[in-house]
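These are the residues of each chain, in order.
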Amino acid sequence: MKIGVLVGEVRGAVTAEQFAGQVRAAADAGFATAWTAQALGWDALTALAMAGAQVPGIALGSSVVPVPARHPLVLASQALSVQAASGNRLTLGIGAGIAMMTRTMFGLSAERPVARMREYLSVLRPLLRGEHVSHRGEAFTVESAVHVPGAAPPPVLLAALGPAMLRLAGEHADGVVTWMTGPRTLAGHIVPTVTRAAHAAGRPSPRVVAGLIVCVTDDEEGVRRRIAGEFGLAGQVPEYRAVLDREGADGPEDVVIVGDEPAVVRRIRRLAEAGVTEFAASPYGDAREQERTLAVLAGLAGSAGHST
């Protein structure tokens, strides 16, 4: 299992210089991938293009870009621009978006997310390959191609937690990326569902990237209380509530990886045993806590060629 690390505002507000510095630090520490989320500040793909042009070597990933407000032509152009700027190091993680946010922030429909994502992928993948797409569907109209010299089509991962979206990820994407999903749910639900779908479609075994908050600390109870306070509302979102219920967790604080060094290493290794191919770690806490956490994660990343 590879070890990647989340960079950018998920770890606190950052300037452009600080964002690039986090990517550079991740590369120097031997992490497999620098992942960044699409939140309410930095545009994930713009930030990755900027940092990728400055920092060589390390793979880059979006985890994830919600697609309801981005036409497939726009996203294809953005993704291929990152590829050209970074020397083709991007993994494009996309998602249908949290329904509540899609409706309230953008005023867009969140109905039939799997059907809309299926149509979206049917247009996006050929656009990323540089093919001309002529499409008039239920959700999108496309009559164009995207050409960015030097850009290769990036792998596409799909944010998926429910059975139907997981099957779609296996059939039409290169794998899945999860957030706030514990090892029991990964082993018993996520990994087998997406893998069966991929194999049934004649596709290679999918990538499974699991994103979780991680903090190395001697005050496990206190850190979990802080996380409950900061992320508790996420546990009420239906998409995340479903996987928390599968895990038997009351809230996000029950699935994060928190504890001293040996405990954190053991819990990360449980993810590998669950079938996860890359852990996208989100270091949590103040500067000292994050520094301690990153040291443990870097040790795991450097062992056996990024393998746990």
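Remember, predicted model here, so these are calculated numbers, not experimental data. In every chain, residue numbers begin from 1 and rise along the written sequence. Local features in a predicted model are, by the rule used here, given only for residues with pLDDT of at least 70; side-chain atom pairs are given and counted only at 80 or more, and totals for whole chains, interfaces and linings are based on all residues. By convention in this description, side-chain values take in all heavy atoms of the structure and omit both hydrogens and water.

(A) Quick look at unusual backbone geometry. With omega at -5°, the peptide bond leading from Ser63 into Val64 counts as cis. With a phi close to 65°, Asn88 is a non-glycine residue in the positive phi region. Relative to the elements of secondary structure, Asn88 occurs in the loop between α3 (72-86) and β5 (90-95). With a phi angle near 60°, Met180 is a residue other than glycine that sits in the positive phi range. Secondary structure counts use DSSP, requiring at least four H or I residues in a row for a helix and at least two E residues in a row for a strand, with both numbered from the N terminus. On the secondary structure map, Met180 appears in the loop between β9 (175-179) and α7 (183-200). The exposure class assigned to Met180 is buried, which follows from its relative accessible area of 5%. Relative accessibility under 20% of the residue-type maximum defines a buried residue, over 50% an exposed one, and the middle range a partly exposed one, all with a 1.4 Å probe and only protein chains included.

(B) Inspection of the nonpolar core at higher detail. The criterion is simple. A nonpolar core is a set of buried Ala, Val, Leu, Ile, Met, Phe, Trp, Tyr and Cys residues joined through side-chain atoms within 4.5 Å. Core analysis: the largest hydrophobic core is formed by 81 residues, its most contacted members being Leu92, Ile94 and Phe279. Here this core takes seven residues from helix α5 (residues 113-128), the largest share from any one element. Leave out the neighbours within four places in its chain, and Leu92 touches Leu45, Ser62, Leu75, Ala79, Leu124, Leu128, Pro154, Pro155, Val156 and Leu157. Two residues qualify as a contact provided that any one of their heavy atoms is within 4.5 Å of a heavy atom in the partner residue.

(C) Representation of helix α2 (residues 44-54) within the structure. For α2, the full list of buried residues reads Ala44, Leu45, Ala47, Leu48, Ala49, Ala51 and Gly52. Against the buried residues of α2 lie α1 (16-29), β2 (33-36), β3 (59-62), β4 (65-66), α3 and β5.

(D) Molecular detail of the side chain of His189. Topologically, His189 is positioned in helix α7. Within polar-contact distance, the side chain of His189 engages the backbone oxygen of Leu161 at 2.7 Å. Apart from residues lying up to four places away in sequence, His189 is in contact with Leu161, Gly162, Pro163, Leu166, Arg184 and Arg246. Pairs of N or O atoms within 3.5 Å make up the polar contacts considered here, provided that, within protein, one atom can donate a hydrogen while the other can accept it, and that residues adjacent in sequence are counted only when both atoms are side-chain atoms.

(E) Seen up close, the side chain of Arg224. Topologically, Arg224 is positioned in helix α8 (residues 220-231). A distance of 2.5 Å separates a polar side-chain atom of Arg224 from the backbone oxygen of Glu253. Here Arg224 is in contact with Glu253, Asp254, Val256, Val258 and Arg267, once residues within four sequence places are set aside.

(F) Broad picture of the environment of Ala295. The topology assignment puts Ala295 in helix α11 (residues 287-302). According to the relative accessible area criterion, Ala295 is exposed, its value standing at 52%. A C-alpha to C-alpha distance of 9.7 Å links Ala295 and Glu261, two positions 34 residues apart in sequence.

(G) Up close: the packing of aromatic side chains. Any pair of Phe, Tyr and Trp rings, taking the six-membered ring for Trp, is counted once the centres come within 6.5 Å. Such a pair is stacked with planes under 30 degrees apart, edge-to-face with planes over 60 apart, and tilted for the rest. Scanning the model with the defined rule gives three aromatic pairs in all. Centre to centre, the rings of Phe19 and Trp42 are 6.0 Å apart; their planes meet at 35°, and the pair counts as tilted. Here Phe19, found in helix α1, pairs with Trp42, found in the loop between β2 and α2; they are 23 residues apart in sequence, far enough to count as distant. Overall, Trp42 belongs to the partly exposed group, its relative accessible area being 28%.

(H) View of the pattern of salt bridges. For this document, the term salt bridge refers to a Lys or Arg side-chain nitrogen within 4 Å of an Asp or Glu carboxyl oxygen. The tally for this structure, following the rule as stated, stands at 14 salt bridges. For Arg136, the salt bridge goes to Glu143, with nearest N and O atoms at 3.2 Å. Judged by relative accessible area, which is 62%, Arg136 ranks as exposed. Here Arg225 makes a salt bridge to Glu221, at a shortest N to O gap of 3.1 Å. Of this pair, Arg225 and Glu221 both sit in helix α8, four residues apart, which is roughly one turn of the helix. Taking relative accessible area as the criterion, Arg225 reaches 52% and is therefore assigned exposed. Connected through salt bridges with shared partners, the residues Arg125, Asp174 and Arg203 form a single ionic network.

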